[in-house]
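# What the coordinates show
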Amino acid sequence: MGGRTRGRRCGLLGSYMLTLALASFLAVAPPSGALRFELQSGHTKCISEDLKIHAMAVGKYAVVNPSDSAPLPDSHKITVRVTSPYGNSIHYADQVDSGNFAFTSSEEGDYLACLWAPDHNPPATMAVEFEWRTGVTAKDWTNVAKKGQIDVSELPLSFDSLSMPG
């Protein structure tokens with residue numbers, strides 16, 4: 001019986017350590033990059049983001065040039081519209097190859113970003129990179145620190161330097 005209990009404890013300890021290691025990895029892993037998808041001329045792709053009221057959101061999008069040695073073809077232009085849950089227009093750009101948007105939500109719910117390309121003959125398929133960050137991830141903390149709003153030297157470097165009131 002004693003061997004069984006010890007084995008169970010080791011198993012639980014191993015599971016705990018694995019979970020702790022995974023959580024540590026996820027905490028220091030860099031945030032994911034932009035979403036990349038194909039958009040065919042004459043078609044639309046929409047992406048939604050559920051936002052709370054007063055949430056900060058920033059986004060950027062760009063058509064990927066299929067050739068490094070040539071300019072972007074005229075067929076590779078898109079139209080982008082970002083709307084609030086009640087259909088209010090937040091951002092609109094027509095026939096562009098890239099752009100960005102930023103806003104603070106005034107309504108709670110699903111905000112929608114739709115990208116479409118005009119119909120071409122012959123049809124064109126283009127790669128589009130799209131990034132939408134919200135909340136804390138929408139804030140560029142390095143620029144805030146440079147502007148003097150945060151003194152980086154005052155930030156704790158580890159949990160050891162934190163003192164808990166006792």
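What you are looking at is a predicted structure, and each value in this text was computed from that prediction instead of being measured.

Reading the values: rules and limits
Residues numbered from 1 in each chain as written. Predicted model: local features only at pLDDT ≥ 70, side-chain atom pairs only at ≥ 80, totals over all residues. Heavy atoms only, no water. Helix = DSSP H or I, 4+ residues; strand = E, 2+ residues; numbered from the N terminus. Buried < 20%, exposed > 50% of the residue type's maximum accessible area, 1.4 Å probe, protein only. Contact = heavy atoms within 4.5 Å. Areas by Shrake-Rupley, 256 points an atom, 1.4 Å probe, with all protein chains shown as cover. Disulfide = S-S within 2.5 Å. Pairing = 2+ DSSP bridges. Axes fitted to C-alpha atoms, helices over the stretch in contact; angles between N-to-C directions. Core = buried A, V, L, I, M, F, W, Y, C linked by side-chain atoms within 4.5 Å.

### Observations concerning the overall build of the protein chain
- Within the protein chain, the secondary structure is distributed over two helices and eight strands.
- Secondary structure elements of the protein chain occur, N-terminal to C-terminal, as α-β-β-β-β-β-β-β-β-α.
- Taken over 166 residues, the protein chain has a buried fraction of 24%.
- The long-range fraction of contacts in the protein chain, counting pairs at least 24 apart against all pairs at least 6 apart in sequence, stands at 72%.
- Carbon and sulfur atoms provide 56% of the accessible area of the protein chain, an area that totals close to 11800 Å².

### Here we look at the side chain of threonine 83
- Mapped onto the elements of the fold, threonine 83 is located in strand β4 (residues 78-83).
- Residue contacts for threonine 83: discarding those within four places in its chain leaves Asn88, Ser89, Ile90, Tyr111 and Leu112.

### Digging into the state of the cysteines
- Counting across every chain of the model gives one disulfide.
- Two residues, cysteine 46 and cysteine 114, share a disulfide whose sulfurs are 2.0 Å apart. With the S-S bond torsion at 110°, the cross-link from cysteine 46 to cysteine 114 turns out right-handed. In this pair, cysteine 46 sits in strand β2 (residues 44-51) while cysteine 114 sits in strand β7 (residues 109-116), placing the two residues 68 residues apart along the sequence.

### Regarding the sheet that holds β2
- As summarised here, the arrangement of the four strands in space is β2-β7-β4-β5, forming an open sheet in which the pairing is antiparallel. Each edge of the open sheet is held by one strand with a lone partner, namely β2 and β5 (89-96). Strand-to-strand, the axes of this sheet are offset by a mean angle of 10°, without reference to chain direction.
- As judged from the five bridges shared by β4 and β7, these two strands associate in the antiparallel manner. If you follow valine 82 over to β7, its bridge partner there is alanine 113.

### Considering the nonpolar core
- Ranked by size, the top nonpolar core spans 23 residues in total, and within it Leu39, Tyr61, Ile78, Phe103, Leu115, Phe130 and Trp132 carry the most contacts.
- At four residues, the largest contribution of residues to this core is made by strand β8 (residues 125-134).
- Apart from the residues lying within four places of it in its own chain, the contact partners of leucine 115 are Phe37, Leu39, His43, Thr44, Lys45, Tyr61, Ile78, Thr79, Val80, Val128 and Phe130.

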